[in-house]
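# Reading the structure
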Amino acid sequence: MTIVDLLARREGIDFEVKAAQGREGLGEVPRSVWETYSAMANTQGGEIVLGVKEYPDGTLDILGLARPEQVLKSFWDEANNPNTVNLNILRNHDAQIVEDGGRAVVHISVPRASREQRPVYVGPNPLTSTYRRNHEGDYRCPEREVRRMIADAEQDQRDARILPGYTLNDLDASSVVSYRNEFRSANPNHVWLTEDDLGLLTQLGGWRRDRQTDEMGLTLAGVLMFGSLRAILDALPDYVLDYREVPEDTPRLRWADRVTTDGTWSGNLYSFYRRAFARLTDGLRIPFVTEAGRRVDETPVHRALKEALVNALIHADYSASTPILIQKTHGLFSFRNPGSLRIPPGRVRAGGTSDCRNRNLQKMFQMIGAAEQAGSGFPTIVGAWKDQHWRPPSLVERFEPEHITLRLSMASLLPEDVVARLRARFGEAFAELSEVERTAVVTAAVEGKVSNGRLQDLYDLHPAAITEILGRLVAAGFLVSQGTKRWTTYILSPDRTPNLFDTEEETFDTDQSPTESDQTPGDTDQSPTESDQTPGDTDQSEELDLSPYIRAAGSVRSSGWAPPEATRQALWNALVVAQERNEYLSVDNLTVILNRSKPSIYRYLRALREKIETRFVGDRAPGQGYRAQASR
């Protein structure tokens, strides 16, 4: 592998470079490496390259290391020094020298730390020196986030905790009766059905006795599953369940049907499950099937939706403030629960491994046939969606705050109408694409964008191979890249086919904070794109044909690195074209045209301040646009 090949992989995975030149230019391991090491280990893993400089606009310069062997040895010495970092999770081959054309760099591959290993931290104190990655880079975790990692590492069963002072009077009696009836329907001869309510709760893990202290009482699982809302809130003040539905004929409404913990019903998990599942499957147009000559009303799609709903409930971290949020609209389903994945995403997708955060809740749902065997849930969902030839499920893990979102779309993987429009748009060139390439272009049309990570959901390919595929599609004019490094996404070229989900953003963006009037207590979720947005920025990319601007920018947007002067000239060229066409370019337009980040675009605009004019007074005015002054 060459250094250039190595750096080309940065787009699809978490990636960081360090100049690592040292004071005398001979090379050394910078202290910031360990913050990045901690951040990657506590997030999704990633790669670090020493000997490469990154400029503010995201471009790279390969400096090389004068003494790479010494730098590598120093790195291993520090990795095994508990005063530097608490845990070395690297294998021997995870750090090595890569040489190419007389230059050498040190490449470090950091795996994701297991649940039991987290948090990985710098120095002696985890509460002040634990890091994670987000869209901006490494950030120091707040104390509450570190404590959740520690609790995850130490506690196999969050929901087995006995709640002092709670009695059977804290349960909703009707929920217990309804559960018992459903249990009897699913397992009519089960021996636990002969038990009274206390005995049944004990068998299910809802009531237990601590064999060491002899303490006994309701567990967190018992109260969550069957408790009254007041009893649950006394134990978990941030507890919120939320189901929202926006039907197809009212796309402008925030929701048309909602179930949330508003005090009008019991508020426990069992009641929420029954209410939400009935609404999720209402109107589902899936033909019934037969087994042994008998009609089966619950199809694989019904079972997949049930599994997705129950997974959100049993894997949730109920100590977090992010609500559980279930949404249904336009043939799309979204299931969000607080907490991080306890096993890597790849193992979740493969199935066969389970590390449930709330095992007693899992058992309770399994006893009524509402959950698959441990480790088989996600493959069940994937299989049902594949049988219908729908787009594969999307599983996304976010941090700050921690949450997991599973999205299920009923759109076809290759919708005939979309394929026909793309074939008309691109001609024979589209027909000659490989299956993966066609899928990438169709995904950009159907979902509005495509990324390296999304294609990993669809195909079992290495991120580097996907990067090459996407690069070819950009070079051939099918796609246009947006952003830099690991956050690069791709849209259809400017005169693209309309996005089938153009109305989705207003009604179905599960990573978007509700408006103030819609907000549920504790709902602080926010998508990375929102938090990175500058006040006043509005995306006008849909209104302008960006093709002439991309041509004016030249090779800068497709180059892995360009001198700042060249980038500034490319931006100026685009602004001159805007003046000639009597148009204004927003910052979002310029990020697409130049393939540079927003902060970088703003820096170049400031440098050209005396030569440009704006659409409105005030640089950050809503809808602001830029172009060259007419007199220039």
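Conventions and cut-offs
Residues numbered from 1 in each chain as written. Predicted model: local features only at pLDDT ≥ 70, side-chain atom pairs only at ≥ 80, totals over all residues. Heavy atoms only, no water. Helix = DSSP H or I, 4+ residues; strand = E, 2+ residues; numbered from the N terminus. Buried < 20%, exposed > 50% of the residue type's maximum accessible area, 1.4 Å probe, protein only. Contact = heavy atoms within 4.5 Å. Areas by Shrake-Rupley, 256 points an atom, 1.4 Å probe, with all protein chains shown as cover. Pairing = 2+ DSSP bridges. Axes fitted to C-alpha atoms, helices over the stretch in contact; angles between N-to-C directions. Phe/Tyr/Trp six-rings, centres within 6.5 Å; stacked < 30°, edge-to-face > 60°. Salt bridge = Lys/Arg side-chain N within 4 Å of Asp/Glu carboxyl O. pLDDT = per-residue confidence, 0-100. Core = buried A, V, L, I, M, F, W, Y, C linked by side-chain atoms within 4.5 Å. Expected span 1.5 Å × (residues − 1). Left-handed = near helix turned anticlockwise from the far one by under 90°. Nonpolar A, V, L, I, M, F, W, Y, C, P; charged D, E, K, R; others polar. Polar contact = N/O pair within 3.5 Å; in protein donor to acceptor, adjacent residues only side chain to side chain.

### Overview of the overall build of the chain
Looking only at helices and strands, the chain has 24 helices and 23 strands in total. Of all 632 residues assigned to the chain, the portion counted as buried reaches 54%. Taking the contacts inside the chain whose residues are at least 6 apart along the sequence as the reference set, 66% of them involve residues at least 24 apart. Per element, the accessible surface of the chain, about 28000 Å² overall, is 47% carbon and sulfur.

### What to know about the sheet that holds strand β18 (residues 403-409)
Overall, mixed pairing links the six strands, which are arranged β12-β11-β15-β16-β18-β17 in an open sheet. A strand with exactly one partner marks an edge of an open sheet, and here the two such strands are β12 (257-260) and β17 (394-398). When strand polarity is set aside, the average angle formed by the axes of neighbouring strands in this sheet is 10 degrees. Across the sheet, helix α9 (residues 269-281) touches β11 (241-246), β12, β15 (324-329) and β16 (332-338), and the angle it forms with β11 is around 10 degrees. Sitting on the sheet, helix α10 (residues 300-314) is in contact with β15, β16 and β18, with an inclination near 20 degrees to β16.

### A look at the packing of aromatic side chains
This model, assessed by the stated rule, comprises 14 aromatic pairs. For the ring pair F75 and W76, a centre distance of 5.9 Å and an interplane angle of 70 degrees mean the geometry is edge-to-face. Accessibility assignment for this pair places F75 and W76 in one class, buried. Measuring from ring centre to ring centre gives 6.3 Å for Y239 and Y318, while their planes differ by 35 degrees; the resulting arrangement is tilted.

### A short note on the pattern of salt bridges
Using the criterion set out here, one finds 32 salt bridges in the structure. Note that D77 is salt-bridged to K73, the shortest N-O span being 3.0 Å. Here D77 and its partner K73 are both found in helix α3 (residues 68-79), four residues apart, which amounts to about one turn of the helix. The class of D77 is partly exposed, set by a relative accessible area of 43%. Residue R148 pairs with E402 through a salt bridge whose shortest N-O separation is 3.6 Å. Of this pair, R148 sits in helix α4 (residues 143-154) while E402 sits in the loop between β17 and β18, placing them 254 residues apart in sequence. Like R148, the residue E402 is buried in the burial classification.

### What to know about the confidence of the model for the chain
Averaged over all residues, the pLDDT of the chain is 83; the fraction at 70 or higher stands at 84%. Mean pLDDT across the elements of the chain bottoms out in helix α19 (residues 504-508) (32) and peaks in helix α7 (residues 220-226) (98). Predicted confidence is poor over residues 496-542, with pLDDT under 50, and the contacts of this stretch with residues over four places away or in other chains come to 118 contacts.

### Thoughts on the nonpolar core
If you look at the biggest cluster of nonpolar residues, it comprises 71 residues, and the most contacted ones within it are Y179, F272, Y273, Y318, F335 and F365. In terms of residues, this core owes the most to one element, α10, which gives nine residues. Discounting residues that sit within four places of it in the chain, F272 has contacts with L241, D242, Y243, V259, W265, L309, L313 and I326.

### Some words on helix α16 (residues 435-447)
Given a rise of 1.5 Å per residue, 13 residues ought to cover 18 Å, and the 18 Å separating the end C-alpha atoms of α16 matches this to within 8%. Among the 13 residues in α16, ten count as buried, and that is most of the element. Just beyond α16, the residue with positive phi is G448, at close to 90 degrees.

### Remarks on the packing of α10 against helix α13 (residues 377-387)
Relative to each other, α10 and α13 sit at 145 degrees, their axes nearing to 9 Å. In this structure, α10 crosses over α13, and the sense of that crossing is left-handed. Of α13, the residues touching α10 (which contributes P300, V301, A304, L305, E307, A308 and N311) are G377, T380, I381, A384 and W385. Among the residues making up the contact of α10 with α13, the classes are represented as eight nonpolar, three polar and one charged.

### Section: unusual backbone geometry
Only a minority of non-glycine residues have a phi that is not negative, and only a minority of peptide bonds are not trans. A cis amide bond links R118 with the next residue in sequence, P119, at an omega value of 5 degrees. With respect to the element layout, P119 can be found in the loop between β6 (103-110) and β7 (131-134). At A20, a position not held by glycine, the phi torsion is positive, near 55 degrees. Examined against the element boundaries, A20 turns out to sit in the loop between β1 (15-18) and α2 (32-41). A20 gets classed as buried once you look at its relative accessible area, which sits at 7%. Positive phi is not limited to glycine here, since N582 has a value of about 55 degrees. Secondary-structure assignment places N582 in the loop between α22 (564-580) and α23 (587-594). A relative accessible area of 57% places N582 in the exposed class.

### A closer look at the side chain of R627
By the secondary structure assignment, R627 is in strand β23 (residues 626-628). Its relative accessible area of 9% is what places R627 among the buried residues. Looking at R627, its side chain comes within polar contact range of the side chain of Y584, at 3.2 Å. Within the structure, the side chain of R627 is placed 2.7 Å from the side chain of E613, a separation counted as a polar contact.

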